[in-house]
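Listed below are the residues making up each chain.
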2 protein chains.
Amino acid sequence: MPRYTSIIADDHAIVRAGLRAALEAPGMVMPEGLEVSAETADGAETIAAVRSLKPHILFLDVQMPLAGGTEIALETRRWSPATRVVVLTGISSVGKLSELVEIGVDGLFSKATSNDELYASIPKILAGTRCVSSHVLALLENAPDAAALTGRERQILNLIALGQSNKEIGAVLGISAKTVDRHRTLMMSKLGVHSVAQLVAHALKQGLLDASPEL
Amino acid sequence: MPRYTSIIADDHAIVRAGLRAALEAPGMVMPEGLEVSAETADGAETIAAVRSLKPHILFLDVQMPLAGGTEIALETRRWSPATRVVVLTGISSVGKLSELVEIGVDGLFSKATSNDELYASIPKILAGTRCVSSHVLALLENAPDAAALTGRERQILNLIALGQSNKEIGAVLGISAKTVDRHRTLMMSKLGVHSVAQLVAHALKQGLLDASPEL
DNA sequence: GCGACGATGGGGCGGATCCCCCAATCGCGG
DNA sequence: CCGCGATTGGGGGATCCGCCCCATCGTCGC
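Residues numbered from 1 in each chain as written. Chains lettered and ligands numbered in written order. Predicted model: local features only at pLDDT ≥ 70, side-chain atom pairs only at ≥ 80, totals over all residues. Heavy atoms only, no water.

*Asks:* Quick question: what am I supposed to make of the interface of chain A and chain B here?
*Replies:* Many authors give the size of an interface as the accessible area that is lost as the parts come together. Taken residue by residue, the interface counts 33 residues in chain A and 33 residues in chain B. Here chain A meets chain B over a buried area of about 2,600 Å², counting both sides, of which 74% is carbon and sulfur. Taken together, the links from chain A to chain B amount to zero salt bridges. Taken together, chain A and chain B are joined by four residue pairs in polar contact (both at pLDDT 80 or more). Elements that contribute at least two residues to the side of chain A that touches chain B include exactly α1 (13–24), α6 (134–141), α7 (151–161) and α10 (196–206) of chain A. Per-class residue counts for the side of chain A that touches chain B are 20 nonpolar, 10 polar and three charged. (Contact = heavy atoms within 4.5 Å. Buried area = accessible area lost by both parts, 1.4 Å probe. Salt bridge = Lys/Arg side-chain N within 4 Å of Asp/Glu carboxyl O. Polar contact = N/O pair within 3.5 Å; in protein donor to acceptor, adjacent residues only side chain to side chain. Helix = DSSP H or I, 4+ residues; strand = E, 2+ residues; numbered from the N terminus. Nonpolar A, V, L, I, M, F, W, Y, C, P; charged D, E, K, R; others polar.)

Dropping the structure here:
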């Protein structure tokens, strides 16, 4: 009967300690016990640890320096396909969350979820069932607008958030300023906003941008 | 020899567990031991607990539902002046951090700070010395522009980020749209940006806004 | 094939922005 | 007392935004 192995990846030492304390409580998670094989604090470190240890579970924070949660999840899929990826998040970024769901992470929990909910879910995840905390689920359902943006629109939204004008964006993308304006108008209509200010605020709060404000 | 008492206030269960595990390690923090008298998960709960328990230390997260970290710190000062307020933050919001420093919290740490640094600092804080983690200190020094905004400018910045036009803001504040425009121009010059989009992006990233994007 | 939709453009119009000029009042510190 | 900055307000002009109209291409799916 092999003990289950895991890696805890989070840039916050306190969070790592809390998760470790919850997981190592004997008998609480798995009868055989769940061993924390490593703790990592950034993206590169995490990917390296996953490649060498190939744990049963990777507990992963979305906001990590050096590599984002999305990238780590994809790398894990590549180098250790059997590893269950469980994402713990403290953010409300609908964009990133739905992105993670699309990638197909095995678990998605808010850091506010109780230990009981974790205890109940981990055995299911190890067995192959995908679990999403009710907390996160409610968030995803209350904002279906994020996925409504097309690729081009998202691209333009990033440039708008940088403060570029229609003309500048057109120059960068090699299209006319008028087309940029057209995309912008459609986007605002989709998102239900009526000005660039609202658009940028909405984009940043919902996490629709690629540029993650790291640290 | 009285045991020291404390309250842990954080909306994330995992963080509470991690901090509790670190604090209750016997002999690590204070020779007499540090008791965690209560855990609270929102602002109102925290203020109530502080008023009734009057602990030696309050460990406080900045981002809390129902009441912000700033408000809780002020209420604690009012109802239990002897309580040392130690703020743990995962954010880079220069605005809120400098606000907390002005209020005069007794400790200010990033959630990424090691347990060792905490262990070393807590006795000092109980003795009355203010401690700020090197992490946070570096952040405050690298962005002096936040404090450059006046009260009125900050107020207007909030409304701009909501997507209000100059005219609407003027109506809300009871001043002319032209004055709003003047403040906006000065602000943009101070922050080194050249459009509302950049202004909103900068404000949100630097955490200059009152409206905290809760959960 | 044929419609649906994304992406690409154009014309035009009202309003808002961005930035320059100007001035007045008030409070605070040297 | 006098300057300095915060706050208030106005005029004007170049530019850009916000939103209508219109059109042409592809690329999907049915």
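*Asks:* What exactly am I supposed to notice about the protein's contact with DNA strand C here?
*Replies:* Lining the immediate surroundings of DNA strand C are 18 residues, of which T150, R152, S176, K178 and H183 of chain A lie closest. Among atoms of DNA strand C positioned within 4 Å of the protein, sugar and phosphate together represent 67%. In the environment of DNA strand C, a phosphate oxygen lies 3.1 Å from a nitrogen or oxygen atom belonging to the side chain of T179 of chain A. At 2.8 Å from a phosphate oxygen of DNA strand C is found a side-chain nitrogen or oxygen belonging to H183 of chain A. Mapped by element, the contributors of at least two residues to the surface near DNA strand C are α9 (177–191) of chain A together with α8 (166–173) and α9 (177–191) of chain B. Here the residues of the surface near DNA strand C sort into three nonpolar, eight polar and seven charged. (Near = heavy atom within 4 Å.)

*Asks:* Help me understand the relation of the copies chain A and chain B, please; the structure alone is not making it clear to me.
*Replies:* A rotation about some axis, followed by a shift along it, carries one copy of the chain onto the other. Note on the identical chains: chain A maps onto chain B by a rotation of 180 degrees and an axial translation of 0.1 Å, with an RMSD of 0.6 Å. Overall, the copies show the geometry of a two-fold rotation axis. Taking C-alpha positions as reference, the residue of chain A nearest the rotation axis is G18 of chain A, located at 1.6 Å. A shared interface surface links the copies, since 100% of the contact residues of chain A are contact residues in chain B too. (Least-squares fit on C-alpha atoms with pLDDT ≥ 70 in both.)

*Asks:* What is the right way to read the sheet that holds strand β5 (residues 107–110) of chain A from this model?
*Replies:* Remark on secondary structure: sheet strands pair via backbone hydrogen bonds, oriented parallel or antiparallel. Residues and elements named next belong to chain A. Across the sheet, six strands lie side by side as β2-β1-β3-β4-β5-β6; this open sheet has parallel pairing. Two strands in the sheet have a free side with no partner beyond their single neighbour: β2 (34–40) and β6 (131–132). As paired strands, β5 and β6 are joined by two bridges and run parallel to one another. Residue pairing across strands places L108 opposite V132, the latter belonging to β6. Strands β1 (4–9), β2, β3 (57–61) and β4 (84–89) of the sheet are contacted by α1, whose axis makes an angle of about 170 degrees with β2. (Pairing = 2+ DSSP bridges. Axes fitted to C-alpha atoms, helices over the stretch in contact; angles between N-to-C directions.)

*Asks:* Please clarify how the protein's contact with DNA strand D should be interpreted in this entry.
*Replies:* Close to DNA strand D lie 19 residues, the nearest being T150, R152, I175, K178 and H183 of chain B. When the atoms of DNA strand D within 4 Å of the protein are grouped by moiety, sugar and phosphate amount to 65% of the total. The contact in question runs from a phosphate oxygen of DNA strand D to an N or O atom on the side chain of N166 of chain A, over 3.1 Å. Between K167 of chain A and DNA strand D, the recorded distance is 3.2 Å, taken from a side-chain N or O atom to a phosphate oxygen. Going through the elements one at a time, α8 (166–173) and α9 of chain A together with α9 of chain B are the ones with two or more residues in the surface near DNA strand D. Considering each element in turn, the surface near DNA strand D owes the most residues, five residues, to α9 of chain A. Grouping the constituent residues of the surface near DNA strand D by class yields three nonpolar, nine polar and seven charged.

*Asks:* What should I look at first to understand the side chain of D10 of chain A in this one?
*Replies:* Topologically, D10 of chain A is positioned in the loop between β1 and α1. Reaching out from D10 of chain A, the side chain makes a polar contact with the backbone nitrogen of H12 of chain A at a distance of 2.8 Å.

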